[in-house]
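Topology and contacts: notes
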Amino acid sequence: MILEISLSKKELIVLLLIYCAHLDFKFTNQEKDYIKSKSTLDIFTRMHQLYNEHKMSEIQGLILSNLLTSFSLSDTKGFLLDDLRGLYIADGEFCRFEQSFDRFFRTYLMAI
């Protein structure tokens, strides 16, 4: 199923962080606190609910499609990567799943 939902820049960032926080199949309080610090409680709650209502593959497709259409990435790539780095160290672990996605996402950002 392809999700056709237009996300704001803040919503997209929060959804991306929630997605990445779940890559190791644990969503720690440290990760939740980190994500909440990057947004409002309302956006966090809505994006977490959206994440919980769909498959990971659907969320990944939604994130990637919104990256292409929601806003210009030329000035955004750096802070997206900074936000992800912060998330990866929030729980003290940078697991293989997170490392694998990080390599994919960096390559994807370089290509667009």
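Quick caveat, the model's predicted, so the values are computed rather than measured.

Before going further, it helps to examine the confidence of the model for the protein chain. Overall, the prediction assigns the protein chain a mean pLDDT of 88, with 94% of residues at 70 or greater. Per-residue pLDDT, averaged within each element of the protein chain, yields its smallest value for helix α5 (residues 77-90) (84) and its largest for helix α3 (residues 41-52) (98).

Running from N to C, helix α1 (residues 9-21) and α3 cross one another at 55°; their axes reach a closest spacing of 9 Å. Classified by the interaxial angle, the pair formed by α1 and α3 is oblique. In the packing of α1 onto α3, the handedness of the crossing is right-handed. Contacts between α1 and α3 involve K10, E11, V14, L15, I18 and Y19 from the former and I43, F44, R46, M47, H48, L50 and Y51 from the latter. Looking at the contact of α1 with α3, its residues break down into nine nonpolar, one polar and three charged.

On inspection of all chains with the given rule, the structure shows seven aromatic pairs. Aromatic side chains F27 and F44 sit 6.5 Å apart centroid to centroid with 25° between the ring planes, which places their arrangement in the stacked category. Of the two residues, F27 sits in the loop between α1 and α2 (29-37) while F44 sits in helix α3, which places them 17 residues apart along the sequence. Here the two residues F27 and F44 agree in accessibility, since each one is buried. Grouping aromatic residues by their ring pairs yields a cluster made of Y19, F101, F104, F105 and Y108.

The subject of this paragraph is α2. When we look at burial in α2, the residues that qualify are E31, Y34 and I35. Down the axis of α2, the smallest arc covering the buried residues is 95°, so these residues share one side. Those residues of α2 that are exposed and angled more than 90 degrees off the buried face are N29 and S37.

Cut-offs applied
Residues numbered from 1 in each chain as written. Predicted model: local features only at pLDDT ≥ 70, side-chain atom pairs only at ≥ 80, totals over all residues. Heavy atoms only, no water. pLDDT = per-residue confidence, 0-100. Helix = DSSP H or I, 4+ residues; strand = E, 2+ residues; numbered from the N terminus. Axes fitted to C-alpha atoms, helices over the stretch in contact; angles between N-to-C directions. Parallel < 35°, antiparallel > 145°, perpendicular 65-115°, else oblique. Left-handed = near helix turned anticlockwise from the far one by under 90°. Contact = heavy atoms within 4.5 Å. Nonpolar A, V, L, I, M, F, W, Y, C, P; charged D, E, K, R; others polar. Phe/Tyr/Trp six-rings, centres within 6.5 Å; stacked < 30°, edge-to-face > 60°. Buried < 20%, exposed > 50% of the residue type's maximum accessible area, 1.4 Å probe, protein only. Arc of directions from axis to C-beta.

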